[in-house]
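# Understanding the architecture of this molecule
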Amino acid sequence: MELNSMTHNKLKEIITQRGEKGFRAEQIFRYFHQQDGQGIMEMGQVPLSLREELSSSYTVNNIKILHKFKSESDGTIKYLFLLPDDNIIESVVMGYAHGYSQCISTQVGCKMGCSFCASTKDGLVRNLTAAEMANQIYEAEKDLGVRISNVVLMGSGEPLDNYENVVDFFDIINSKLGRNISLRSITLSTCGIIPGIYKLAQENIPITLSISLHSPFDEKRAEIMPIAKKYCLKDLMEALRHYSDTTNRRITFEYTLIKGTNDGEEEAKEIARLLNGMLAHVNLIPLNPIREYNEGRPDKNHVLKFQSMLKKLGVATTIRREMGSDISASCGQLRRSVLEEK
Ligand code: SAH
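Criteria and thresholds
Residues numbered from 1 in each chain as written. Predicted model: local features only at pLDDT ≥ 70, side-chain atom pairs only at ≥ 80, totals over all residues. Heavy atoms only, no water. Helix = DSSP H or I, 4+ residues; strand = E, 2+ residues; numbered from the N terminus. Rg over C-alpha atoms; globule rule 2.2 N^0.38 Å. Buried < 20%, exposed > 50% of the residue type's maximum accessible area, 1.4 Å probe, protein only. Areas by Shrake-Rupley, 256 points an atom, 1.4 Å probe, with all protein chains shown as cover. Lys, Arg positive; Asp, Glu negative; His and termini not counted. Charge placed at Lys NZ, Arg CZ, Asp CG, Glu CD. Domains from an automatic or database assignment. Contact = heavy atoms within 4.5 Å. Buried area = accessible area lost by both parts, 1.4 Å probe. Salt bridge = Lys/Arg side-chain N within 4 Å of Asp/Glu carboxyl O. Pairing = 2+ DSSP bridges. Core = buried A, V, L, I, M, F, W, Y, C linked by side-chain atoms within 4.5 Å.

### Some thoughts on the overall build of the protein chain
Counting secondary structure elements, the protein chain contains 12 helices and 12 strands. For 342 residues, the compact-globule estimate of 2.2 N^0.38 gives 20 Å, and the protein chain sits close to it at 21 Å. Reported as C-alpha extents along the three principal axes, the dimensions of the protein chain are approximately 70 × 45 × 35 Å. Burial analysis of the protein chain (342 residues in total) assigns 56% to the buried set. As displayed, the protein chain offers around 15200 Å² of accessible surface, 47% of which is attributable to carbon and sulfur atoms. Positive and negative charge centroids in the protein chain, built from 42 and 43 side chains respectively, lie 4 Å apart.

This is the structure we're talking about:
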């Protein structure tokens, strides 16, 4: 087990079980999550005997920047990180007027199979550990000399398919002994794994939940998102109502707009009907075509037209700023192009 994937509570448990004082756990936690420490033997404040004991039982996860790309058009930065087992993941940092936002990966690859998404084309390799999620942020901060204030789990992977590690990551990144990033500044995006949504509602953590909708009709949705064969929209909407009632948080919907597929008047009407009476918001993402799904990119006017249909029906929408398209910033594109080169 990785020492830097443990929450402060977990650390305290293993440290006190060894008959050590609780404050050692705090020291160790701060060492990794505040001081960017990288190795057990280098924890200078911790007694040598404890360091030796810990290094015989635990490992430390470190990741490295393999490549860094900077968009000429908008300054978006994309990192390819090398994991200890030589897997590669990607992460994107975007600068906004109010600070820096980072989109992190939660898995190496993905098994959800959405037809237009590059991350899933080679299947799931493995889950990321909590430290691997946090390290994406620490490495970017160190490299850029800035603080990340917003985190979105919208990189490669399905976060609710890596539930325990993701929840530990929230605990770690939010800790006052670590980066202390507000949970309200964190967004988790899911294709709609219903049991995970109910579980998350119980955790009492005020993150923003974002649902990839992509069609308000079950059949059409299942054509582009295989998960929709397992969970129908009726049950999904019930889970989301439960989530927003329990947490009092507004739910965001992502809608990848695909020209000629999910952009009609009937879709707009059905979206309005589905979201009626709910604290919700739709974020329109113009399809970013990939090799296996290269038709249906809507032009700007097309997106605006769909947005105005929704607006007339009373649905709050925004259009996702297309950032870093010159550096393949859409999930999984860059990792794949590098893997293919190899
Ligand atoms: N597994 C999570 C996170 C995926 S990435 C989820 O399904 O929500 C975040 C969003 O980008 C999802 O809505 C996903 O469907 C969308 N997306 C993936 N590839 C895309 C592409 N090529 N063009 C537009 N949106 C895409």
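### Here we look at the domain arrangement of the protein chain
We note that the domain assignment places domain 1 (3-57) and domain 2 (64-341) within the protein chain. Here the C-alpha centroids of domain 1 and domain 2 sit 33 Å apart. Opposite the 13 residues of domain 1 that make contact, domain 2 presents 15 residues. Carbon and sulfur atoms make up 50% of the surface buried where domain 1 meets domain 2, a total of about 1200 Å² over both sides. Three residues, Ser5, His33 and Asp36, lead the burial of domain 1 against domain 2; their summed loss comes to 41% of the area buried on that side. The tally of links from domain 1 across to domain 2 stands at 1 salt bridge. With a shortest N-O distance of 3.1 Å, Asp36 and Arg179 are connected by a salt bridge.

### Details of the pairing of strand E2 (residues 77-82)
Counting buried residues in E2 gives 5 out of 6 residues, a clear majority hidden from the surface. Here strand E1 (residues 64-70) pairs with E2 via 6 bridges, running antiparallel. Across the sheet, the residue bridging to His67 is Leu80, located in E2. Linking two consecutive strands that pair antiparallel, namely E1 and E2, is a turn of 6 residues; a positive phi of about 80 degrees is found at Gly75 within it. Here 6 bridges tie E2 to strand E3 (residues 88-96), and the two strands are oriented antiparallel to one another. When the sheet's bridge partners are listed, Tyr79 is paired in E3 with Ser91. What sits between E2 and E3 in their antiparallel hairpin is a turn of 5 residues, with Asp86 showing a positive phi close to 75 degrees.

### Quick word on the nonpolar core
Core analysis: the largest hydrophobic core is formed by 96 residues, its most contacted members being Leu3, Leu54, Phe169, Phe170, Leu200, Leu240 and Phe253. Counting residues per element, this core draws most heavily on helix H5 (residues 163-174), at 7 residues. Counting contributing residues, this core receives three or more from each of domain 1 (3-57) and domain 2 (64-341). Contact partners of Leu3, with chain neighbours within four places excluded, come to Leu11, Ile14, Ile28, Phe32, Ile40, Leu54, Tyr58 and Thr59. Counting residues in hydrophobic clusters, the runner-up holds 5 residues, among them Val92, Met94, Val152 and Met154.

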